[in-house]
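Breakdown of the fold
Listed below are the residues making up each chain.
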Amino acid sequence: MAEQQPAAAGLILESTFTRLSDVAGHLFPWRPCRLILRDKFDTMGRLGNIAMPLLVIHGQGDELVPYVCGRGLFAAYKNGPKTFLTIADDHNMGFLRSEKEYTKGLKAFLDSLP
């Protein structure tokens, strides 16, 4: 969506994977996930086509999408200002367990947008 809306004020990626195969390989290390997945959902590959402020939010204890995916996306982004917000564990409940930090970080990012 960010590629289709280049005039957007910013992009927020929350608990997002680098590529679907990275998550599948993490969850099912004994399966040849990279070979059998047809859809790549390559977030990492699309970052080069996007130029806007970026906020990446990820929980350190995310059991579904590894924290390293969020850190990898953040490290790979080179086309604009970027912010990383670490929240509490859990893929689905981290934002609730980190409500104060989450709200503060989100507000700071939104306030920084033109």
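In case you missed it, the structure is sitting above this.
Cut-offs applied
- Residues numbered from 1 in each chain as written.
- Predicted model: local features only at pLDDT ≥ 70, side-chain atom pairs only at ≥ 80, totals over all residues.
- Heavy atoms only, no water.
- Phe/Tyr/Trp six-rings, centres within 6.5 Å; stacked < 30°, edge-to-face > 60°.
- Helix = DSSP H or I, 4+ residues; strand = E, 2+ residues; numbered from the N terminus.
- Lys NZ or Arg CZ within 6 Å of the ring centre and 35° of its normal.
- Buried < 20%, exposed > 50% of the residue type's maximum accessible area, 1.4 Å probe, protein only.
- Pairing = 2+ DSSP bridges.
- Right-handed = clockwise from strand over helix to strand, strands pointing away.
- Contact = heavy atoms within 4.5 Å.
- Core = buried A, V, L, I, M, F, W, Y, C linked by side-chain atoms within 4.5 Å.

In this structure the tally under the stated criterion is two aromatic pairs. The interplanar angle of 90° and the centroid separation of 5.7 Å between the aromatic rings of Tyr 67 and Phe 84 together place this pair among those described as edge-to-face. Of this pair, Tyr 67 sits in helix H4 (residues 67–76) while Phe 84 sits in strand E3 (residues 82–87), placing them 17 residues apart in sequence. Between Phe 74 and Phe 84, the ring centres sit 5.6 Å apart and the planes meet at 75°, which makes this aromatic pair edge-to-face. Here Phe 74, found in helix H4, pairs with Phe 84, found in strand E3; they are ten residues apart in sequence, far enough to count as distant. One aromatic cluster is present, formed by Tyr 67, Phe 74 and Phe 84 through successive ring pairs. The ring of Phe 84 carries the charged tip of Arg 71 above its face, separated from the ring centre by 4.0 Å.

All right, on to unusual backbone geometry then. Where the residue is not glycine, phi is negative for most of them; where a peptide bond is considered, it is trans in most cases. Its identity is not glycine, yet Ser 15 carries a phi of approximately 50°, on the positive side. Structurally, Ser 15 can be placed in the loop between strand E1 (11–14) and helix H1 (20–27). For Ser 15, a relative accessible area of 10% corresponds to the buried category.

Moving on, we get to the pairing of E3. Where strand E2 (residues 54–59) meets E3, six bridges bridge the pair, whose relative direction is parallel. Within the sheet, the bridge partner assigned to Ile 57 lies in E3 and is Leu 85. On the question of chirality, the crossover connecting E2 to the parallel E3 by way of H4 is right-handed.

So, on to the side chain of Thr 18. Secondary-structure assignment places Thr 18 in the loop between E1 and H1. Judged by its relative accessible area of 5%, Thr 18 is buried. When sequence neighbours within four positions are dropped, the list of residues in contact with Thr 18 reads Phe 41, Asp 42, Thr 43, Met 44, Cys 69 and Leu 73.

This part is about the nonpolar core. Most often, soluble globular proteins keep nonpolar side chains buried together rather than apart. Leu 11, Leu 13, Ile 50, Met 52, Leu 54 and Tyr 77 are the most contacted members of the largest nonpolar core, which has 13 residues in total. Contributing elements (two or more residues each) for this core: E1, E2 and H4. Take this core: its biggest share by element is three residues, from H4. In this structure, Ile 57, Ile 87, Phe 109 and Leu 113 belong to the second largest nonpolar core, which totals seven residues.

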